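Structural description and commentary
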Amino acid sequence: MTRATSGPTNQRASDDERLNEEFHTLLRDAAEKREGRAIIQSTEDAAAAKQESADLLALARAPRSA
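Attention in this report is confined to the structure presented alongside it. Keep in mind that this is a model prediction, so the values were computed, not measured. (Residues numbered from 1 in each chain as written. Predicted model: local features only at pLDDT ≥ 70, side-chain atom pairs only at ≥ 80, totals over all residues. Heavy atoms only, no water.)

**Overview of the overall build of the protein**
- A tally of regular secondary structure across the protein gives 1 helix and 0 strands.
- The burial tally for the protein puts 0% of its 66 residues in the buried class.
- Surface exposure of the protein reaches about 6,400 Å², of which carbon and sulfur atoms provide 56%. (Helix = DSSP H or I, 4+ residues; strand = E, 2+ residues; numbered from the N terminus. Buried < 20%, exposed > 50% of the residue type's maximum accessible area, 1.4 Å probe, protein only. Areas by Shrake-Rupley, 256 points an atom, 1.4 Å probe, with all protein chains shown as cover.)

In structure tokens:
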């Protein structure tokens, strides 16, 4: 009488593959969120730098009182 061992082994491999896929999906989602936040931050930084430049130009062009 022989014992079939492929059942639990196949189930474990299937579970491992599913968990691996879920893990990689989570990693991809996290990377996409980081990329989105980085784009937003970069856009905000560029807008702030542009505003600072405009403010400095306005200050430099303002008439000075003696």
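**Thoughts on the pattern of salt bridges**
- Scanning the entire structure with this criterion turns up 1 salt bridge.
- One salt bridge in this structure joins R18 and E22, with 2.8 Å as the shortest N-O distance. Within this pair, R18 and its partner E22 are both found in helix 1 (residues 6-61), separated by 4 residues, close to a single helical turn.
- Using a relative accessible area of 42% as the deciding quantity, one classes R18 as partly exposed. (Salt bridge = Lys/Arg side-chain N within 4 Å of Asp/Glu carboxyl O.)

Treat this as a map of the structure, not an account of what it does.
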